[in-house]
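Chain by chain, the residues run as shown.
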Amino acid sequence: MKNIKESGTRKPITSLDAHMYLKEIKDAFKDEKYKYKVFLRAMKDFNLRRIDIVGVMERVEKLFQRHTELLLKFNNFLPDGFEIKPSPKKPNFPVMNKEDADKYLDKVKTRFQHQPYVYDSFVDIMIMYKNKDKSLEEIYEMIFVQVASLFKDHHDLVDGFTNFLL
């Protein structure tokens, strides 16, 4: 990852520091609660050794792309020798208005409440492709197949996904 660089020694982190940082993240994403949950999932995946330090850094970098202060503070929790430098701003991924987007995400989450891995996979797909430097058509072609497969037999969600992108 090009934005990871070695850094010097950091001060010791206390549990209070961690608690305050989690509160900052939760507050920053109060209107996008799923992003806070995605952050917690990344931390859990790291603790369970599903991803390594570089993997967690990549997820956090994507998640906090518009929250430079949170990204820079995350560096305090990284081991010596690792640091994320903020990327230059990229264009926004087009989405429906905030209220409709939240309703769609809630609908997906409710529909798959007994299969949470489906919702988590959907969120992961969206994060993975959100910052691609490609046209809407290219992104649509890349992820539509994945989302359509994930939401098989749920045609209303596939149709809603189209509106989610546009």
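Residues numbered from 1 in each chain as written. Predicted model: local features only at pLDDT ≥ 70, side-chain atom pairs only at ≥ 80, totals over all residues. Heavy atoms only, no water.

Caption draft 1: Structural context of the overall build of the protein. If you tally the helices and strands in the protein, you get eight helices and zero strands. Here the protein, with 166 residues, has 33% of them falling under the buried criterion. Taking the intrachain contacts of the protein between residues at least 6 apart in sequence as the baseline, contacts between residues at least 24 apart amount to 67%. A total of about 10400 Å² of accessible surface is found on the protein, and carbon and sulfur atoms cover 54% of it. (Helix = DSSP H or I, 4+ residues; strand = E, 2+ residues; numbered from the N terminus. Buried < 20%, exposed > 50% of the residue type's maximum accessible area, 1.4 Å probe, protein only. Contact = heavy atoms within 4.5 Å. Areas by Shrake-Rupley, 256 points an atom, 1.4 Å probe, with all protein chains shown as cover.)

Caption draft 2: Structural context of unusual backbone geometry. Within the chain, Arg49 stands out as a residue other than glycine whose phi angle is a positive 65°. Along the chain, the position of Arg49 falls in the loop between helix H2 (33-47) and helix H3 (53-63).

Caption draft 3: Seen up close, the packing of aromatic side chains. What the rule picks out here adds up to eight aromatic pairs. Here the aromatic rings of Phe122 and Phe151 are separated by 5.2 Å at their centres, their planes lie at 35°, and the arrangement is tilted. Placement of Phe122 in helix H6 (residues 116-130) and of Phe151 in the loop between helix H7 (136-150) and helix H8 (155-165) is noted, with a sequence separation of 29 residues between them. (Phe/Tyr/Trp six-rings, centres within 6.5 Å; stacked < 30°, edge-to-face > 60°.)

Caption draft 4: Geometry of the environment of Asp31. Looking at where Asp31 falls in the secondary structure, it is placed in the loop between helix H1 (15-28) and H2. Assessed through its relative accessible area of 53%, Asp31 is described here as exposed. Along the chain, Asp31 and Lys98 lie 67 residues apart, while their C-alpha atoms are 8.8 Å from each other. In contact with Asp31, other than residues within four places in its own chain, are Lys98 and Asp102.

Caption draft 5: Structural view of the pattern of salt bridges. Under the definition given, this model contains eleven salt bridges. When the shortest N-O distance is used, the salt bridge between Asp45 and Arg59 registers 2.7 Å. Here the residue Asp45 occupies a position in helix H2, and Arg59 occupies one in helix H3, the gap between them amounting to 14 residues. For Asp45, a relative accessible area of 4% puts it in the buried group. Here the salt bridges do not stand alone but share partners, grouping Glu24, Glu69 and Lys73 into one network. (Salt bridge = Lys/Arg side-chain N within 4 Å of Asp/Glu carboxyl O.)

Caption draft 6: Fine view of the side chain of Asp45. Separated by 2.7 Å, the side chains of Asp45 and Arg59 make a polar contact. The contacts of Asp45, once residues within four sequence positions are left out, are Arg50, Ile51 and Arg59. (Polar contact = N/O pair within 3.5 Å; in protein donor to acceptor, adjacent residues only side chain to side chain.)

Caption draft 7: Here's a closer look at helix H5 (residues 98-111). In this model, H5 (14 residues) spans 20 Å end to end at C-alpha, consistent with the 20 Å of a helix rising 1.5 Å per residue. Of the residues making up H5, those classed as buried are Ala101, Tyr104, Leu105 and Val108. Along the axis of H5, the buried residues cluster in a sector spanning 95°; they form a single face. Exposed residues lying more than 90 degrees from the buried face of H5 are Glu99 and Thr110. (Expected span 1.5 Å × (residues − 1). Arc of directions from axis to C-beta.)

Caption draft 8: A look at the nonpolar core. The biggest cluster of nonpolar side chains holds 36 residues, and the ones touching the most others in it are Ile25, Phe39, Phe64, Val108, Phe122 and Phe151. Residue contacts for Ile25: discarding those within four places in its chain leaves Tyr36, Phe39, Phe64 and Leu70. (Core = buried A, V, L, I, M, F, W, Y, C linked by side-chain atoms within 4.5 Å.)

Caption draft 9: How the structure looks around the packing of H1 against H2. It is the contact of H1 with H2, at a shortest axis distance of 8 Å, that shows an interaxial angle of 145°. Of the residues in H2, those touching H1 at Tyr21, Leu22, Ile25 and Lys26 are Tyr36, Phe39 and Leu40. Partitioning the contact of H1 with H2 into residue classes produces six nonpolar, no polar and one charged. (Axes fitted to C-alpha atoms, helices over the stretch in contact; angles between N-to-C directions. Nonpolar A, V, L, I, M, F, W, Y, C, P; charged D, E, K, R; others polar.)

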